[in-house]
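Here are the chains, one letter per residue:
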Amino acid sequence: MALPGKTGSTLRWSPWNLLLAVPLLWLITPLYNRIGPELFGMPFYYWFQFVGIPVGVLCTTLVFLKTADEPTTPAPGAGLDVDDLDEGTGR
Amino acid sequence: MNDLHWTELIVFALLFGVVTVMGFVAAKWKAGETLEHLDEWGLGGRKFGSWITWFLIGGDLYTAYTFVAVPALMFSAGAAGFFALPYTVIVYPIVFMPLLRMWSVSRVHGYVTPADFVRGRYGSPLLALLIAITGIVATMPYIALQLVGLEAVLRTLGFNGSGVVGHLPLLIAFIVLAVYTYQSGLRAPALIAFVKDILIYVVIVVAVIYLPIKLGGWSEIFSSADEKFKATPAAGDGLLLNGNNQLQYATLALGSALALFLYPHSITGVLASRGRKVIKRNMSALPAYSLVLGLLALLGYMAISAGTKPIMNQATGKADTNTIVPVLFQDQFPSWFAGIAFAAIGIGALVPAAIMSIAAANLWTRNVYKEFMHKDATPAQEAKQAKLASLVVKFGAVAFILFIDPQFSIDLQLIGGVMILQTLPAVAIALYTRWFHMRGLIAGWTVGMAWGMWLLYNIPSADGKRQHFGSSALKLNDLGFFGWHPFAGNSLLIYAGILALAANLIVAVVVTVIARRLRAFNGTDETNPGDYHVDEGDKKLKKIGAH
């Protein structure tokens, strides 16, 4: 139980978060448990489940882009390291 | 051992040598002030960026066992084996939010394990101990399974003896792994993961382009798989799911997704990252591995189409279906390329085995040793203890393989998945709310654990050869509560772990309501609501490696 005087909100809610529920559609097996239509000779059952991967990526990426964390101040003296260069986030 | 495959063996040994050197050099890679601290040895300095985290978590979650077992399952059961795909489709969106909160609160308070968080959230050493023990027990057989994966490759290379001599190459590989993990900590698997994952990607891309061309196209592959399944008497296999196993398919995918990031080794990979952005990026980038996993699963069908025969295990006298993928590569590709594929799987066993043993060692050190045996252990003593524990854990896993039927590790891993799922209320839900009373969580854990074990114990294997721990799929017909069978006559299958989790939650809610009525003490919470949102660079963060 939070003591009185403790600060900060518990939850930060954005409607964009609802996108994270979309991939759960891939749990409903009757949606895709069939042979046709085939794609490159692959039954629907298989290629439809592969399609779930880009859909999932799209959802998590949109949520990432549309919900921002609280602004933070960069740690003093933190120089560039190899990851900053890798990621292009070097300041 | 007279028919060793020399070209394959040499390529395999060369690549194995390369990663061994990397494992030892890793100690100096991005080194902090000291390795004598769990932040450094156990979490690589908590500073991995997006790329390293991607390779590390990818190398951690998509294990050698997955690489051999998923195609083997497709080979023998068909569509039901494809659950790994929806499982990895839903897992990242599900864990996206909770993992960010876990990272932030752990970074503010210096938590190293999920049990550390529970300890801080409820102030209850008992609850934290239960979480830690669950984690260790669920992880041990998982490490042993990595050895099963490695052994499938060694057997294909020609090392197929029985007794200790037959296991010698495996033993050597594991001693080497144990020594460099002891020395370098999490940095070793992080560095090796680069080699492992690149090899895996190369091998899979080549295989899924070359094999369908060679075997006459995808429709040819699927129709030969269809023929095989139609010819077998088993009712559960086929190119599609049937009326009975769809619920099992969905609940197994959901249960596995909920369980994945409760495993201590997954949390270790997440806590080793530098900040929230790194985790968010990875939630979008890790599905690249799911694509590989899906393609790998289809190798099981290619093996059917190519007429691949699994190798006989001379130690047990049974056909080892886990050798399907290695044998497929041996039959269809030039030896040097098969050698690369074997190295990819073999190194794929080392990375998760190292991370898992580190995670289990962290749990032991933080939540058992420091909590109950040596309360004022210094960070250096903690690091020493964890290093030793990692050795014990690894040799325990080797002993599993050497002295006990590998089938036992597979059973245990099945049980482990159900077990780790029982920590969901205390670890994942507690990230959001402290509504559950700690007594409710303890009672829920106890009931979920006991009932889950009981359910698994009573499931016979599909072929009827074994009476107990045959599968995780329970017939609804067999579901009973003290003689009452609500679904009598129903032949639908369901994943037992989901049932155990439901029981856990119901008991936790009931006991929580009672405990709140009685105004029982609910422990003290050392975390603040704001702690769950801080990011890298914030003043609140605990200094890394601080004494």
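Residues numbered from 1 in each chain as written. Chains lettered and ligands numbered in written order. Predicted model: local features only at pLDDT ≥ 70, side-chain atom pairs only at ≥ 80, totals over all residues.

Residues and elements named next belong to chain A. The amide bond that connects Gly 36 to the next residue, Pro 37, takes the cis arrangement and shows omega of -5°. Phi at Phe 40 is positive, roughly 50°, even though this residue is not glycine. By the element assignment, Phe 40 lies in the segment before helix H1 (44–66). For Phe 40, a count of 9 C-beta atoms within 10 Å corresponds to the exposed category. (Helix = DSSP H or I, 4+ residues; strand = E, 2+ residues; numbered from the N terminus. Buried ≥ 20, exposed ≤ 12 C-beta atoms within 10 Å, placed from the backbone.)

Here the focus is the interface of chain A and chain B. On the side of chain B, 44 residues touch chain A, which itself brings 43 residues to the contact. Elements with a minimum of two residues in the side of chain A that touches chain B: H1 and helix H2 (82–87) of chain A. Ranked by residue count, the leading element in the side of chain A that touches chain B is H1 of chain A, at 12 residues. (Contact = placed C-beta atoms within 7 Å.)

Glancing now at the nonpolar core. All names here are of chain B. Counting 207 residues, the largest nonpolar core has Val 118 and Ile 347 as its most contacted members. Among the elements that line this core, the one with the most residues is helix H17 (residues 335–373), at 23 residues. Setting aside its immediate chain neighbours within four residues, Val 118 contacts Leu 127, Ala 128, Ile 131, Ala 426, Val 427 and Ala 430. (Core = buried A, V, L, I, M, F, W, Y, C linked by C-beta atoms within 7 Å.)

Before going further, it helps to spend a moment on helix H16 (residues 324–332) of chain B. All names here are of chain B. Among the 9 residues that make up H16, 7 are buried, leaving the element largely enclosed by the rest of the structure. Every buried residue of H16 is accounted for by Ile 324, Val 325, Pro 326, Val 327, Leu 328, Phe 329 and Gln 330. Residues of H16 that are buried make contact with helix H4 (64–77), helix H7 (125–157), helix H15 (287–305), strand S1 (311–313) and H17.

All names here are of chain A. Here chain A averages 73 in pLDDT, while 62% of its residues score no lower than 70. Considering only residues more than four positions removed or in separate chains, one finds that residues 1–8, a stretch of pLDDT under 50, has 10 contacts. Here residues 70–91 scores under 50 on pLDDT; set against residues more than four positions off or in separate chains, the count is 22 contacts. (pLDDT = per-residue confidence, 0-100.)

Attention shifts here to the packing of H1 of chain A against H15 of chain B. It is at 10 Å that the axes of H1 of chain A and H15 of chain B come closest, and there the two elements cross at 180°. When the interaxial angle is binned, H1 of chain A and H15 of chain B end up roughly antiparallel. Judged by residue contacts, Phe 50, Ile 53, Gly 56 and Val 57 of chain A of H1 of chain A engage Pro 287, Ser 290, Leu 291 and Gly 294 of chain B from H15 of chain B. (Axes fitted to C-alpha atoms, helices over the stretch in contact; angles between N-to-C directions. Parallel < 35°, antiparallel > 145°, perpendicular 65-115°, else oblique.)

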